[in-house]
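# Residue-level structural notes
Okay, here's what each chain looks like letter by letter:
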Amino acid sequence: MKVQKWPKPTIAAGRRHTVALKSDSTVVAVGDSKYGQCEVGDWCDIVAVAAGNVHMATNTGHTHTVGLKADGTVFASGWNKHGQCEVSDWRGMVSIAAGWRHTIGVKANGSVIAAGRNQQGECNVSDWHDIVAVATGDWHTVGLKADGTVIAVGNNRYQQCDVNDWEGIVAIAAGYLHTVGLKEDGTVVARGQNKAG
């Protein structure tokens, strides 16, 4: 099975800010910019954007914004207490994701790197391979493999990382404490906290 290549993210929503990629490859952001997460006006040649989030349960922490350039390098701005914005040396990237206090990047060769907080194991991705896309929750990271299977690391309190049996997946998303997968037949699977349905 070959995972479909979806367009790179051109809009992203954090808890208190929204980031959009314009048709001229520049970026615009609106909302709370207390930590500089909306200071993206000088970014250019961007092909994808990601917005970090604020911890939902405690409404603490602050956000950051990440941009993937056409040349495979990465920009980040905003809150950097845990080093989640320290991505300026990343090269050869093809995909990015921004979590609560961490940033994840996929290289052209399918390997994955991480920056930021790793208290729950959310950055334990150095042995991943054949990855085509990543998604991040507050405390977990999810990877979509080229064969349509899924892997996850990090906090598994609500079984949001129990995705090893998923097959035929073409897209993934991660929320605060849950993980969602879109199957090639158009159906959706999910794991994790379901308190709010």
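It should be noted that the structure appears before, not after, this text.
Now for a look at the structure at hand. The model shown is predicted, which means the values in this text are computed figures rather than measured ones. Per chain, residues are indexed from 1 in the order of the written sequence. In view of the model being predicted, local features appear only for residues whose pLDDT reaches at least 70, and side-chain atom pairs are presented and counted only at 80 or more, with totals across whole chains, interfaces and linings using the full set of residues. Side-chain metrics rest on all non-hydrogen atoms present in the structure, leaving aside hydrogens and water.

Our next topic: the sheet that holds strand E9 (residues 112-116). Across the sheet, three strands lie side by side as E7-E8-E9; this open sheet has antiparallel pairing. Unpaired on one side and paired on the other, strand E7 (93-98) and E9 mark the two borders of the sheet. Neighbour-to-neighbour, the strand axes of this sheet turn through a mean angle of 20°, independent of strand direction. Two strands are said to pair when DSSP picks up at least two bridges between them. In DSSP terms, a helix is any run of H or I states spanning at least four residues, a strand is any run of E spanning at least two, and both are numbered starting from the N terminus. Here E7 runs beside strand E8 (residues 102-107); their pairing, made up of five bridges, is antiparallel. When the bridges of E8 are listed, Ala 97 appears paired with Ile 104. Fitting a line to C-alpha atoms yields each axis, with helices limited to the stretch in contact; the angle taken between N-to-C directions then spans 0 to 180 degrees.

Take the sheet that holds strand E5 (residues 64-69) next. In a beta sheet, neighbouring strands are held together by backbone hydrogen bonds and run either parallel or antiparallel to one another. The strand order E4-E5-E6 describes an open sheet built from three strands, whose pairing is antiparallel. In this open sheet, the two strands that pair with only one neighbour each are strand E4 (46-51) and strand E6 (74-78). In this sheet, neighbouring strand axes are inclined to one another by 20° on average, regardless of whether the strands run parallel or antiparallel. Note: E5 against E6, five bridges, orientation antiparallel. Across the sheet, the residue bridging to Gly 67 is Phe 75, located in E6.

The next subject is the pairing of E4. Successive side chains on a regular strand alternate, one facing one side of the sheet and the next facing the other. To sort residues, take the accessible area from a 1.4 Å probe on protein chains only and compare it with the maximum for the residue type: under 20% means buried, over 50% means exposed, and anything in between is partly exposed. Summarising burial for E4: five of the six residues are buried, a large majority. Across five bridges, E4 lies against E5 in antiparallel orientation. In the sheet register, Ala 50 faces E5, and the bridge partner there is Val 66.

For the rest of this paragraph, the subject is the pairing of strand E12 (residues 150-154). In the sheet, strand E11 (residues 140-145) pairs with E12 via five bridges, with the strands oriented antiparallel. Within E12, the residue paired with Leu 144 across the bridge is Val 150. Following E11, the chain reverses through four residues before pairing antiparallel with E12; Gly 148 in that reversal takes a positive phi of roughly 85°.

A positive phi angle, near 60°, is found at Asp 45, a position not held by glycine. Tracing the backbone shows Asp 45 in the loop between strand E3 (27-31) and E4. Phi at Asp 130 takes a positive value of approximately 60°, unusual for a residue other than glycine. Classification of Asp 130 by relative accessible area gives partly exposed; the value is 43%.

Relative to the assigned elements, Asn 194 resides in the segment after strand E15 (188-192). Expressed as a C-alpha distance, the spacing of Asn 194 and Ala 135, which sit 59 residues apart in the sequence, is 19 Å.

As a further point, take the pattern of salt bridges. Salt bridge criterion: a side-chain nitrogen from Lys or Arg within 4 Å of a carboxyl oxygen from Asp or Glu. All chains considered together, the criterion is met by two salt bridges. A salt bridge links Glu 122 to Arg 117; its shortest N-O distance comes to 4.0 Å. Each member of the pair, Glu 122 together with Arg 117, is buried.

Glancing now at the packing of aromatic side chains. Think of it this way: a Phe, Tyr or Trp ring, Trp meaning its six-membered ring, pairs with another when their centres are within 6.5 Å, and the plane angle makes it stacked under 30 degrees, edge-to-face over 60, tilted otherwise. Scanning the entire structure with this criterion turns up three aromatic pairs. Ring centres 5.6 Å apart and planes at 40° place the aromatic pair Trp 43 and Phe 75 in the tilted group. Highlighted residues: Trp 43 in the loop between E3 and E4 and Phe 75 in strand E6, separated in sequence by 32 residues. For Phe 75, a relative accessible area of 29% puts it in the partly exposed group. A ring pair is formed by Trp 139 and Tyr 176, whose centres lie 6.0 Å apart and whose planes are at 50°; its orientation type is tilted. Pair noted here: Trp 139 is in the loop between strand E10 (131-136) and E11 and Tyr 176 is in the loop between strand E13 (169-174) and strand E14 (178-183), with a separation of 37 residues, a long-range link.

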